Amino acid sequence: MEDLKQKLKVQIIEALNLQDTRPEDIDDNAPLFGEGLGLDSIDSLELMVLLERQYQIKVEDPREGRKILQSVQSMAEFIQSKQPA
Amino acid sequence: MKGKCYIQGMAAITPQHTFDGDLMAQPMVVTHGNMLSCAEPDYKSFIAPNSLRRMTRVLKMGLTASLKCLQDSGIAVPGAIVTGTGKGSLQDTERFIKEIRDYQEKALNPTPFIQSTYNAVNGLIALQQKCTQYNNTFVHRGFSFEHALLDSMLLLHEGTADVLTGAFDEITPEHFFIKGRIGHWKKETISNDKLYEHPSPGTISGEGAVFFALTPAVTAQSYAQIGGLQMLYKPSPEKLHAALPEFLQQHGLQAADIDLVLTGENADTNHAHYYEILKGYPQLPFKHLSGDYETVGAFAMWLAAQILKHQQLPSQWFPMLQQQPAKLRNILIYNHFFGEQHTFMLLHAV
């Protein structure tokens, strides 16, 4: 799980071109939108694309997406739940 | 057109150092190679980091030039935003098309698609300045900027208080390669300061983002008056020869009244014959400074307005200049885009 979260942080920084942000600057449980990283609605679409490209997971329900994209922790938990045991 | 049109503010990001500093003291930027790229400013002074991270080059160039222009003019929210672009954001277009191929039309990133649309720069300016007024982008190849200018002049004539008018285009290595295959560029590699020593088929490529704040009334700060504009699409040699004196006559001028012609001469022997209409006029070319692209007319207008405002030429940019013109009241710009879209623009000192 820790490796996955670390990998996710690197992928988020790269996908969203978060200049001056390092993986260690992102708290596992900090909100990605609003006060945390300050991401916006276009970033949420980019994160959906990231899940599809990197983990082959397609999020069909937008309401489900809101829960998944709350934090790095919630994204990692979701990815892990979709991976074969 | 009866209404008057003055340049109240302007800004330019081009292959020369045109964004800030004393124009008359800036040395010519010499590029070895047939693709001139812009000297880009520090965008962080104009655009928030959170917005900047998503923007590609031409968006940053266009937005920054427009904001600097508004600063220069003292206008915060213009009465209209009208621009022209030949290609829009090429970087985003190329990225989007490559991703369609790489990901088999699935899992496509929305950002390059959104930003590849031609009106993306206008949208960014409107958002940044909270401007909900008229907003339009013209995409008409070599007439893109000229149509934006014509629309702006019509808006001023109809009573709009001020208009932000601009043009932006970029070149990428991929697009340079594609246009090279249809013969746009010279086969031999040259540097821009030696352009006119190489008359041969093709020219050198360029790019730029140039914005103007236009108003119907003159002030002490005004750079110049835009006196006239005419566009001719694929004119016959006879029509082009007749068009120039007619254009001047329409504006109450004769050939002798023109103090300087800035010509789009670009050492391309395929289209050099068009410039024969300027025989006898005092003239200087400008494309060794900018390269050639669809909206280069905006750079020519910026240059003419600077010359009229300063009442002198930046002689370090024009090594072919024998002596400064005795007077600088009326400048004519004649340009064409690869022989198809021809434009006359007339500027007066204020």
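If you're wondering where the values come from, they're calculated on a predicted model, not measured in any experiment. (Residues numbered from 1 in each chain as written. Chains lettered and ligands numbered in written order. Predicted model: local features only at pLDDT ≥ 70, side-chain atom pairs only at ≥ 80, totals over all residues.)

Let's talk about the overall build of chain A
As a reminder, the rule being used: In this description a helix means any DSSP run of H or I spanning at least four residues, a strand means any run of E spanning at least two, and both kinds are numbered starting from the N terminus. In this description the radius of gyration comes from C-alpha coordinates, and the expected globular size is given by 2.2 Å times residues to the power 0.38. Remark: C-beta atoms are placed from the backbone, and a residue is labelled buried if 20 or more other C-beta atoms sit within 10 Å of its own, exposed if 12 or fewer do, or partly exposed between those counts. We call two residues in contact if the C-beta atoms placed from their backbones are at most 7 Å apart.
Across its full length, chain A holds four helices and zero strands. Across chain A, helices and strands are ordered from the amino to the carboxyl terminus as α-α-α-α. For 85 residues, the compact-globule estimate of 2.2 N^0.38 gives 12 Å, and the C-alpha radius of gyration of chain A, at 12 Å, lies within 12% of that figure. For chain A, the spread of C-alpha atoms along the three principal axes comes to 35 × 25 × 20 Å. Residues classed as buried in chain A amount to 24% of the 85 residues present. The contacts of chain A with a sequence gap of at least 6 include a subset with a gap of at least 24, amounting to 54%.

What about the packing of helix H2 (residues 57-73) of chain B against helix H5 (residues 120-129) of chain B?
Residues and elements named next belong to chain B. The following threshold applies: Axis angles are defined between N-to-C directions and span 0 to 180 degrees, where every axis is a line fitted to C-alpha atoms and, for a helix, only to the segment in contact. Here the word oblique covers every angle except those under 35 degrees (roughly parallel), over 145 (roughly antiparallel) and from 65 to 115 (roughly perpendicular). Here a crossing is taken to be left-handed if its near helix is turned anticlockwise relative to the far helix by less than a right angle, and right-handed if that turn runs clockwise. Gly falls in the polar group here, along with every residue not listed as nonpolar (Ala, Val, Leu, Ile, Met, Phe, Trp, Tyr, Cys, Pro) or charged (Asp, Glu, Lys, Arg).
The N-to-C vectors of H2 and H5 enclose an angle of 45°; their axes lie 9 Å apart at closest approach. When the axes of H2 and H5 are compared, the pair comes out oblique. When the axes of H2 and H5 are compared, the crossing they make is right-handed. Two secondary-structure elements touch here, H2 through Leu59, Gly62, Leu63, Ser66, Leu67 and Leu70 and H5 through Ala120, Val121, Leu124, Ile125, Gln128 and Gln129. For the contact of H2 with H5, the residue count by class is eight nonpolar, four polar and no charged.

Section: unusual backbone geometry
Note: most peptide bonds trans; most residues except glycine with negative phi. All names here are of chain B. Here the phi dihedral of Gln104 falls at roughly 45°; this positive angle occurs in a residue that is not glycine. You can see Gln104 is positioned in the loop between helix H3 (90-102) and helix H4 (110-116). What makes Gln104 exposed here is the crowd of 9 C-beta atoms within 10 Å. Positive phi is not limited to glycine here, since Glu105 has a value of about 65°. For Glu105, the location among the structural elements is in the loop between H3 and H4.

Some remarks on the sheet that holds strand E10 (residues 341-348) of chain B
Residue and element names in this part refer to chain B. This is how the line gets drawn: Think of it this way: DSSP has to see at least two bridges between two strands before they count as a pair.
Spatial strand order, E3-E2-E4-E5-E1-E6-E10-E9-E7-E8: ten strands in an open sheet with mixed pairing. Of all strands in the sheet, those bounded by a partner on one side alone are strand E3 (134-138) and strand E8 (283-285). Each adjacent strand pair in this sheet contributes to an overall mean axis angle of 20°, direction not counted. One ladder, built from five bridges, connects strand E2 (residues 80-84) with E3; its direction is parallel. Residue pairing in the sheet places Thr83 in a bridge with Thr137 of E3. Packed onto the sheet, H5 meets E2, E3 and strand E4 (163-169) and runs at close to 155° relative to E2. Of the strands in this sheet, strand E6 (224-233) and E10 are in contact with helix H8 (residues 237-250), which crosses E6 at around 155°.

Considering the nonpolar core
Burial of nonpolar side chains together is a common tendency in soluble globular proteins. Where we set the bar: A set of buried residues drawn from Ala, Val, Leu, Ile, Met, Phe, Trp, Tyr and Cys, joined through C-beta atoms within 7 Å, is what defines a nonpolar core.
Judged by nonpolar contacts, the single largest core of 83 residues is most densely connected at Met10(B), Ala304(B), Ala305(B) and Leu347(B). Ile12(A), Leu51(A), Ile68(A) and Val72(A) belong to the second largest nonpolar core, which has 17 residues in total.

As for the interface of chain A and chain B
Of the residues lining the interface, eleven residues belong to chain A; the matching set on chain B comes to nine residues. Here the side of chain A that touches chain B is built from residues that sort into five nonpolar, three polar and three charged.

Thoughts on the confidence of the model for chain B
In low-pLDDT regions, the fine details of the predicted coordinates are not to be read closely. Heads up, the rule is: On a range of 0 to 100, pLDDT expresses the predictor's confidence in each residue.
Averaged over all residues, the pLDDT of chain B equals 96, while 99% of them reach at least 70. Quick note on the complex model: pTM equals 0.95, ipTM equals 0.85.

Section: the environment of Leu69(A)
Residues and elements named next belong to chain A. Relative to the assigned elements, Leu69 resides in the loop between helix H3 (62-68) and helix H4 (72-82). C-beta crowding within 10 Å serves as the criterion here: with 21 such atoms nearby, Leu69 is assigned to the buried category. Residues Leu69 and Leu32 lie 37 residues apart in sequence; the distance between their C-alpha atoms is 7.1 Å. When neighbours within four sequence positions are excluded, Leu69 is seen to be in contact with Leu32, Ser44, Leu47 and Met75.

Side note on the environment of Lys187(B)
All names here are of chain B. By secondary structure assignment, the location of Lys187 is in the loop between helix H7 (173-181) and strand E5 (208-215). A count of 10 C-beta atoms within 10 Å places Lys187 in the exposed class. For the pair Lys187 and Leu262, spaced 75 residues apart in sequence, the C-alpha separation works out to 26 Å.

With respect to H8(B)
Residues and elements named next belong to chain B. Using the following cut-off: Take the number of residues in a helix, subtract one, and multiply by 1.5 Å to get its expected span. Take the seven residues that end at a residue and the seven that start at it, fit an axis to each, and the angle between those axes is the bend at that residue.
The end-to-end C-alpha separation of H8 is 20 Å, in line with the 20 Å expected for 14 residues at 1.5 Å each. Where H8 bends most, at Ala243, the angle is about 25°, and the proline Pro245 comes one to four residues later. Downstream of H8 by a residue or two, Gly252 has a phi angle that is positive, lying close to 70°.

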